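Coordinate analysis (summary)
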Amino acid sequence: MKLILFSGIPGTGKSTLSEEIAWTLHIPVFSLDWILGAMLLSQLRVQQEGFYVTTAEALLTMLIQRQLMLGQSAILDTPANTVAQRKRWQDLAQSYNAAFYGIETICSDMELHRRRVEGRKRGIPGWHDTVNWDHVERMRHQSEAWTDDEGEHLTIDAVNPLNENVQAILKYVQS
């Protein structure tokens, strides 16, 4: 049983990669953006402190916990931009004896990253297709780096071809 966390700022490939891995390994993906879309469609109020969405994260965590309680693996697609968030999900995995795999997505080419953000069409009902570049920059500066205390994690760069990144992730999560 595995809990695979895809983390990173918008436009770095979290959703694309998590969906590719889900198809390959037949593991469901639980995405913060899909939960936020559902909340907005149902007119639930989203409580925000900057970009931190506590209600949606609580729902996401509960869905992941239920999956692990059933003895089934899960993939988590969320920015997870603080050590505390990542540690919470790592501890959750550990409490159900699930292997935890942290994957940080980045895009080392700023121009490519901006094009990816500005040109994306996500198709999530109730949620926006993209964010503005200022939001991405704010998230970049507010995000906490992965620490040695969090254990091993894999960094994936969106400048690399998708198939190479998928193969690197599969090697990591199947080791």
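Up top is the structure these notes are about.
Remember, predicted model here, so these are calculated numbers, not experimental data. (Residues numbered from 1 in each chain as written. Predicted model: local features only at pLDDT ≥ 70, side-chain atom pairs only at ≥ 80, totals over all residues. Heavy atoms only, no water.)

Our next topic: the packing of aromatic side chains. Two numbers describe a pair of aromatic rings. These are the distance of the centres and the angle of the planes. According to the stated counting rule, one finds one aromatic pair in the structure shown. When the centroid spacing of 5.3 Å and the interplanar angle of 85 degrees are considered together, the rings of Tyr-101 and Tyr-172 count as edge-to-face. With Tyr-101 in strand β6 (residues 99-106) and Tyr-172 in helix α7 (residues 162-173), this residue pair connects regions lying 71 residues apart in the sequence. You can call Tyr-172 buried: its relative accessible area is 9%. Arg-86 extends its terminal NZ or CZ atom over the ring of Trp-146, reaching a point 4.6 Å from the ring centre. The aromatic ring of Trp-89 is capped on one face by Arg-88, whose charged end is 5.6 Å from the ring centroid. (Phe/Tyr/Trp six-rings, centres within 6.5 Å; stacked < 30°, edge-to-face > 60°. Helix = DSSP H or I, 4+ residues; strand = E, 2+ residues; numbered from the N terminus. Buried < 20%, exposed > 50% of the residue type's maximum accessible area, 1.4 Å probe, protein only. Lys NZ or Arg CZ within 6 Å of the ring centre and 35° of its normal.)

Grouped together as the largest cluster of nonpolar side chains are 20 residues, with contacts concentrated most on Leu-3, Leu-5, Leu-60, Ile-64, Leu-76 and Trp-89. Where this core is concerned, the elements lending two or more residues are β1 (2-7), α2 (32-41), α3 (54-69), β5 (74-77) and α4 (83-95). In this structure, Leu-76 is in contact with Leu-3, Ile-4, Leu-5, Phe-6, Phe-30, Leu-60, Ile-64 and Trp-89, ignoring residues within four places of it in sequence. (Core = buried A, V, L, I, M, F, W, Y, C linked by side-chain atoms within 4.5 Å. Contact = heavy atoms within 4.5 Å.)

The final tally for this structure, using the stated rule, is five salt bridges. Ionic pairing is found between Glu-150 and Arg-86, a salt bridge with its closest N-O pair at 2.6 Å. With Glu-150 in the loop between α6 (133-142) and β7 (153-157) and Arg-86 in helix α4, this pair connects stretches of sequence that are 64 residues apart. On the basis of relative accessibility, which here comes to 2%, the residue Glu-150 falls in the buried class. For Arg-86, a relative accessible area of 2% puts it in the buried group. A salt bridge links Arg-114 to Glu-118; the shortest N-O distance between them is 2.8 Å. Of the two residues, Arg-114 and Glu-118 both sit in helix α5 (residues 110-119), four residues apart, roughly one turn of that helix. (Salt bridge = Lys/Arg side-chain N within 4 Å of Asp/Glu carboxyl O.)

As a further point, take the environment of Ile-27. For Ile-27, the location among the structural elements is in the loop between α1 (14-25) and β2 (29-31). Taking relative accessible area as the criterion, Ile-27 reaches 9% and is therefore assigned buried. For Ile-27, the residues in contact, after removing those within four places along its chain, are Ile-4, Ala-22, Ser-73, Ala-74 and Ile-75.

Contact pair α3 / α4: the axes reach a minimum separation of 10 Å and the direction vectors enclose 20 degrees. With respect to each other, α3 and α4 are oriented roughly parallel. Here α3 runs over α4; the crossing is right-handed. Note on element contacts: α4 touches α3 through Gln-85, Arg-88, Trp-89, Leu-92 and Ala-93, opposite Glu-57, Leu-60, Thr-61, Ile-64, Gln-65 and Leu-68. Partitioned by chemical class, the residues of the contact of α3 with α4 number six nonpolar, three polar and two charged. (Axes fitted to C-alpha atoms, helices over the stretch in contact; angles between N-to-C directions. Parallel < 35°, antiparallel > 145°, perpendicular 65-115°, else oblique. Left-handed = near helix turned anticlockwise from the far one by under 90°. Nonpolar A, V, L, I, M, F, W, Y, C, P; charged D, E, K, R; others polar.)

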